[in-house]
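# Residue-level structure breakdown
What follows is each chain in one-letter form.
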Amino acid sequence: MPAELTLEARGTAAVTVAIARLDGFADAVEVSATLPAGISADSLILPPSQSSGQLVLRSAGTEAATRVPVTVTATSASHTSTAAFALILVGNASLRLALTPAAAAVFVGERTSLTPVFDGDHASIDGIGRVQSGVAVETPPLYRATTFTLRVDRGDAQVQAQTTVQANYRNRIRALDSAPVAQTNHVAAALPDGSAILMGGNTSESSSVPDSTLTQIFDPATEKFARGPDLMFSAQARLFTSVAPLVSGGFLLAGSGLNAPVGALRSVVTQLFDPAVPGLTPVGDVATRGISTRTATPLSDGGALLAGGLAGGTNPVTDSADRYVSVDQKWHAVGQMLHVRVGHTATLLRDGRVLIAGGLTCCQVPNPSPEFYATTAEIYDPATDAFTATGSMSAARGNHAAALLPDGRVLISGGDGNDPAAPPLSTELFDPASGQFSSAGDLQSPRDSHSAATLTDGRVLVIGGEVPPELVGMVGVGVSATEIFDPATGRWSAGPALDPAFYAATVTMLSNGKVLVFGGENAGGWPQAATALFE
């Protein structure tokens with residue numbers, strides 16, 4: 001009651017809600033209503049001792065004058081009942097509130113402008129700051145679909161308007177000017193300011209030395225490289241140095257290069273990049289000594305996990321695991337995995353656990369020798385420092401790639417397989433809820449040692465890597481084809497060609513949503529300076 005209610009702009013009004021409690025009905029009843037934009041209702045719960053109450057409606061003063069039907073729903077643990085009344089809104093045309101983008105969609109990494117129009121005391125846009133009515137402001141570079149909220153203060157009340165700007169990929173690879181220095185067997189990391197740092201490896205400045213302390217920093221604004229700070233110890237990817245991005249925005253380098261002052265078969269040094277501290281600083285050595293070629297995985301608590309690798313001996317593959325704790329900046333041994341592995345993947349899941357899958361498990365020494373890759377997978381739980389078995393992949397593989405999807409599943413692609421079987425084209429999806437793998441279709445091009453980058457729209461870009469040597473009779477042949485997996489459809493499609501395509505190029509997801517591809521080596525093993533962006 002009443003059957004018709006008038007609500008003034010920025011005012012309040014109430015309807016009385018009454019229920020008949022029959023046959024001893026004694027439940028509490030929650031009352032709600034379907035209301036138009038700009039109208040809200042106070043919470044109303046009728047306790048067992050009460051049979052009526054007032055549902056108070058409030059106007060934000062942003063709605064147009066109109067008449068709308070409103071349905072009121074009364075819900076208890078056992079019953080639901082509805083009633084309706086007519087709501088007459090008295091709008092205030094003089095109070096303006098709108099936020100309009102110059103473009104409803106931009107390409108990833110680009111900006112647009114927003115024009116706020118409002119009446120009120122003062123206003124701001126979340127992520128941008130204070131604004132004036134009718135004066136356009138520029139957004140930051142957009143890397144994904146972004147919703148902007150305009151908040152306007154009107155006396156004691158605050159009203160808001162929102163608009164969403166889409167950010168779409170062009171699905172192209174654009175070649176940039178080459179870097180001043182060529183690098184291969186280097187490592188790369190994205191930085192919080194949107195840039196990327198390329199570190200160590202074999203460079204064109206010292207082509208006869210396999211490792212260096214050189215760094216170059218890529219600036220996404222100018223799309224140029226500048227010389228960065230020297231590393232404390234030389235770095236050499238794929239064998240000696242692992243890089244782990246940290247949830248703090250920094251990263252860890254674990255291990256050194258072949259010619260660093262400390263040998264890889266002795267202590268394993270680590271360098272920390274902290275966004276709050278200039279340069280790199282040394283932190284404690286890894287607890288387990290003398291292991292190389294390890295996976296480095298960030299942990300949700302700000303630490304990192306090193307797993308598996310090569311240690312020497314009759315069977316050089318190891319099951320060792322070490323954990324970096326950010327609180328004390330020290331490494332701690334956390335026991336052994338269920339299987340020895342190298343060339344496996346280790347992926348941080350949404351719940352903080354780590355999925356470890358595949359990898360080389362055994363080989364005979366000396367080489368050449370048969371190689372045995374795993375189908376097995378296991379889960380590391382940082383809460384207990386324990387490893388437990390989970391479902392197995394359908395194909396044995398190592399030197400493959402793994403990508404975390406927005407829905408929490410993990411996509412596994414490509415890699416090397418057991419001789420004489422052909423390299424696996426199959427891809428698989430791991431579901432943490434069931435602990436099982438399922439098929440995700442086949443790649444068109446076989447590849448190992450490649451990258452899988454989860455794009456900001458949820459798709460996965462498979463790029464780079466090496467044509468499996470058994471297919472071309474030599475090592476180090478790059479893959480020019482790229483492929484894109486769309487989890488919304490479960491389908492693969494061809495991506496743009498990477499040309500030139502060099503083995504050992506690094507692939508770095510920048511904070512602006514673009515993907516930087518840099519360096520690598522040609523068939524002769526010489527470092528390259530080629531640079532490109534997927535955008």
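Preceding this paragraph is the structure being described.
Presented here is a report on the structure given in the accompanying data block. Along each chain, residue indices are assigned from 1 in the same order as the chain's sequence is written. Totals for whole chains, interfaces and linings use every residue, but because this is a predicted model, local features are given only for residues with pLDDT of at least 70 and side-chain atom pairs only at 80 or more, for both listing and counting. Heavy atoms from the whole structure form the basis of all side-chain values; hydrogens and water molecules are not counted.

## What about the nonpolar core?
Residues grouped as a nonpolar core are buried Ala, Val, Leu, Ile, Met, Phe, Trp, Tyr and Cys residues, joined through side-chain atoms within 4.5 Å. Residue burial is assigned from relative accessible area. The probe radius is 1.4 Å, only protein chains are included, and a residue is buried under 20% of its type maximum, exposed over 50%, and partly exposed in between. Formed by 26 residues in total, the largest nonpolar core has its most connected members in Leu114, Ile125, Val131, Phe148, Leu150, Leu461 and Phe534. Only heavy atoms enter the contact rule, under which two residues are in contact if any of them lie within 4.5 Å. Ignoring any residue separated from it by four or fewer positions in sequence, one finds Phe534 in contact with Tyr169, Asn171, Arg172, Ile173, Leu455, Leu461, Ile484, Pro496, Lys514 and Val515. Grouped together as the second largest cluster of nonpolar side chains are 19 residues, Leu7, Ala13, Leu46 and Val70 included.

## Quick look at the packing of aromatic side chains
Two descriptors summarise a pair of aromatic rings, namely the distance from one centre to the other and the angle between the planes of the rings. Here a pair means two rings of Phe, Tyr or Trp (six-membered ring of Trp) with centres within 6.5 Å. Their orientation is stacked below 30 degrees between planes, edge-to-face above 60, and tilted elsewhere. Tallying each qualifying case throughout the model produces eight aromatic pairs. Ring geometry for Phe225 versus Phe518: centroids 5.1 Å apart, planes at 40°, classification tilted. Of the two residues, Phe225 is situated in strand 23 (residues 224–227) and Phe518 in strand 47 (residues 515–518); the sequence distance between them amounts to 293 residues. Taking the relative accessible area as the measure of exposure, Phe225 reaches 13% and is therefore buried. The exposure class of Phe518 is buried, given its relative accessible area of 0%. Taken together, a centroid distance of 5.0 Å and an interplanar angle of 40° make the contact between Tyr380 and Phe387 tilted. Here the aromatic residues Phe218, Phe225 and Phe518 are joined through ring pairs into a cluster of three or more. Placement of a positive charge over a ring is assigned whenever Lys NZ or Arg CZ falls within 6 Å of the ring centre and within 35 degrees of the normal to the ring plane. Lying across the ring of Phe107, Arg170 places its NZ or CZ 3.8 Å from the centre. Strands are runs of DSSP state E lasting at least two residues, helices are runs of H or I lasting at least four, and both sets are numbered from the N terminus onward.

## Here's the deal with the sheet that holds strand 29 (residues 304–307)
Here, any two strands with at least 2 DSSP bridges between them count as paired. The antiparallel open sheet is built from four strands, whose spatial order is 28-29-30-31. Among the strands making up the open sheet, the edge pair consists of strand 28 (295–298) and strand 31 (330–336). Each strand of the sheet is rotated relative to its neighbour by a mean of 20°, with strand direction disregarded. Where strand 30 (residues 320–325) and strand 31 come together, five bridges link them in antiparallel fashion. Each bridged residue has a counterpart across the sheet, and for Val325 the counterpart in strand 31 is Lys330. Only the stretch in contact is used when a helix axis is fitted, and all axes are lines through C-alpha atoms; the angle between N-to-C directions ranges over 0 to 180 degrees.

## Things to note about the environment of His344
Locating His344 in the fold gives a position in the loop between strand 31 and strand 32 (345–348). Note on His344: relative accessible area 6%, which makes it buried. His344 sits 167 residues away from Ser511 along the chain, and the two C-alpha atoms are 26 Å apart. Not counting chain neighbours up to four residues away, the residues in contact with His344 comprise Thr295, Ala307, Gly308, Gly309, Ile356, Ala357, Gly358, Gly359 and His400. A distance of 3.1 Å separates polar atoms of two side chains, one belonging to His344 and the other to Thr295. N or O atoms within 3.5 Å of each other form a polar contact, as long as, within protein, one can give a hydrogen and the other can take it, and as long as residues adjacent in sequence are counted only when both atoms are side-chain atoms.

These values are about where atoms sit, not about what they do.
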